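# Analysis of the macromolecular model
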Amino acid sequence: MRAFLARVDAVIIQAVIAGALSFSHLHDLAEAAGQGGWKAWAYPVSVDLLLVAAWRRMREQQRVGLPAGGPRLWFLIALAASLGANIATAGLLDLNHVPALLRVVVAGWPAVAFFGGTLLAHAPRTSDDVDRGASAVSEAGESMPLVPTPAIVEPTTSGTAEPDPIPALEPAADSGPAPVPASTVHLPPALVDRAQALARELRSSTGEPADPDTVRARLGLPASMTPAVAAHL
C-alpha cells in the first residue's frame, strides 16, 4: 500500500510540474504574439483541455475496439502546440520579435480548438452505444414468449402388449427384360475375325494360348464381353 501511494504521489508531482511549466510557456508565447491580458492566460487552458479531451476519447474508442483516428489527430495537434511553446520559449525564439506566421497561428488557435473540442464532445458516446445495445438485446430476450418443451414419454413394458411385427416386404419382380448372358452375345463377324487374328498373334509371340481377357482388352471391349470373346477363340 505504501509503495502504491509513493508511486501515485510521484506521478501527481510530475503531472503538476509538467502542467505548471507548460502553462507558463504557453502564456508567455501567447503574450509575445500579441495576446495580452486575460487572453494570454486562456491559451494554455484551451490547449490543455483539448489535450485531455482527445486523450480520454481515444482511450474510450480503443477500449471498445473502434478506430480512434480522429481523437488521435486532435491529441497530436494539442501535443504539438504544447511542445512547440515549450521549445520556443527555451531561447530558440526571440519573444521580442515574434514572426508574423507564428502570430497568425496563435491568433487562429481558438477557432481550431473550438472546432476540435466540438467534434470530440458531440461524437456518439461509444460506451453509451454499447450499453444501449446490450440493454436492447436483454429486453428483446425478456419479451420473447417461452415455447414449452414437449415432454418425452418413455414406453413402459408392464401391462402393455407388444405390437405385432411388421411383415417384411418382398421385393417386387422386375418387369423389365432379363439381362442377356455375355456368352450368348453374338459378335459381328468382323470383330470375330479381329479377335481370332489377335489370338493367333499372341500365341505366336508367347507360345501359349491367348488369354481371352487380353484379347478383349486389345479390342477395347468392356469386361463383361470376355466370355463372348472366349467363345470365339
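Helix and strand counts for the protein chain stand at eight helices and zero strands. Along the protein chain, helices and strands appear, N-terminal first, in the series α-α-α-α-α-α-α-α. Residue burial in the protein chain is summarised as follows: out of 233 residues, 21% are buried. A separation threshold of at least 6 residues defines the contact pool for the protein chain, and within that pool the share at least 24 residues apart is 62%. When the accessible surface of the protein chain is totalled, it reaches about 16,800 Å², and 66% of it is carbon and sulfur.

Turning our attention to the packing of aromatic side chains. All chains considered together, the criterion is met by three aromatic pairs. Centroid distance W55 to F75: 5.6 Å. Interplanar angle 45 degrees. Geometry classified as tilted. Here the residue W55 occupies a position in helix α2 (residues 38-63), and F75 occupies one in helix α3 (residues 69-92), the gap between them amounting to 20 residues. On the accessibility criterion, W55 (42% relative accessible area) is partly exposed. Of the residues examined, F75 reaches a relative accessible area of 17% and is grouped as buried.

Here we take up the nonpolar core. Among the nonpolar cores identified, the biggest contains 21 residues, and L50 and W109 are the most heavily contacted of them. At the level of elements, α1 (2-32), α2, α3 and α4 (100-122) are the ones that each hand at least two residues to this core. Among the elements that take part in this core, α2 stands out by supplying seven residues, more than any other. Not counting chain neighbours up to four residues away, the residues in contact with L50 comprise W74, A78, W109, A113, G116, G117 and L120. Counting 13 residues, the second-largest nonpolar core is a separate cluster that includes L187, V215, L221 and M225.

Further remarks concern helix α7 (residues 212-219). Of the positions making up α7, those classed as buried are V215, R216 and L219. With its buried residues spanning 100 degrees around the axis, α7 presents them on a single face. Those residues of α7 that are buried lie in contact with α6 (189-206) and α8 (226-231). Of the residues trailing α7, G220 is marked for its positive phi of about 80 degrees.

Before going further, it helps to examine the packing of α2 against α3. α3 packs onto α2 with a crossing angle of 150 degrees between their chain directions and a minimal axis gap of 8 Å. It follows from the interaxial angle that α2 and α3 lie roughly antiparallel. The chirality of how α2 crosses α3 is left-handed. Within the contact between the two elements, α2 uses V47, L50, L51, A54, W55, R57, M58, Q61 and Q62 and α3 uses P71, R72, W74, F75, A78, L79, A81 and S82. Considered class by class, the residues forming the contact of α2 with α3 number twelve nonpolar, three polar and two charged.

Between α2 and α4, the least distance of the axes is 10 Å, while the angle of their chain directions is 30 degrees. The pairing of α2 with α4 is recorded here as roughly parallel in orientation. The chirality of how α2 crosses α4 is left-handed. Where α2 abuts α4, its residues Y43, S46, V47, L50, A53, A54 and R57 lie against V106, A107, W109, P110, A113, G116, G117 and L120. The residue makeup of the contact of α2 with α4, split by class, is eleven nonpolar, three polar and one charged.

Take a nonpolar patch on the surface next. A contiguous nonpolar surface patch, about 280 Å² in accessible area, is contributed by I13, I17 and L21. With respect to the helices and strands, L21 occurs in helix α1.

Another aspect to go through is the environment of A230. Within the secondary structure, A230 sits in helix α8. On the accessibility criterion, A230 (33% relative accessible area) is partly exposed.

With that settled, the discussion passes to α2. Taking 1.5 Å of rise per residue, the 26 residues of α2 would be expected to cover 38 Å, and the 38 Å separating its terminal C-alpha atoms lies within 8% of that figure. Burial in α2 covers these residues: A40, Y43, P44, V47, L50, L51, A54, R57, M58, E60 and Q61. Backbone geometry just after α2 places G65 at a positive phi near 80 degrees.

Rules used in this analysis
Residues numbered from 1 in each chain as written. Predicted model: local features only at pLDDT ≥ 70, side-chain atom pairs only at ≥ 80, totals over all residues. Heavy atoms only, no water. Helix = DSSP H or I, 4+ residues; strand = E, 2+ residues; numbered from the N terminus. Buried < 20%, exposed > 50% of the residue type's maximum accessible area, 1.4 Å probe, protein only. Contact = heavy atoms within 4.5 Å. Areas by Shrake-Rupley, 256 points an atom, 1.4 Å probe, with all protein chains shown as cover. Phe/Tyr/Trp six-rings, centres within 6.5 Å; stacked < 30°, edge-to-face > 60°. Core = buried A, V, L, I, M, F, W, Y, C linked by side-chain atoms within 4.5 Å. Arc of directions from axis to C-beta. Axes fitted to C-alpha atoms, helices over the stretch in contact; angles between N-to-C directions. Parallel < 35°, antiparallel > 145°, perpendicular 65-115°, else oblique. Left-handed = near helix turned anticlockwise from the far one by under 90°. Nonpolar A, V, L, I, M, F, W, Y, C, P; charged D, E, K, R; others polar. Patch = residues over 30% accessible without salt bridge, like charges linked within 9 Å, V, L, I, M, F, W, Y side chains within 5 Å. Salt bridge = Lys/Arg side-chain N within 4 Å of Asp/Glu carboxyl O. Expected span 1.5 Å × (residues − 1).

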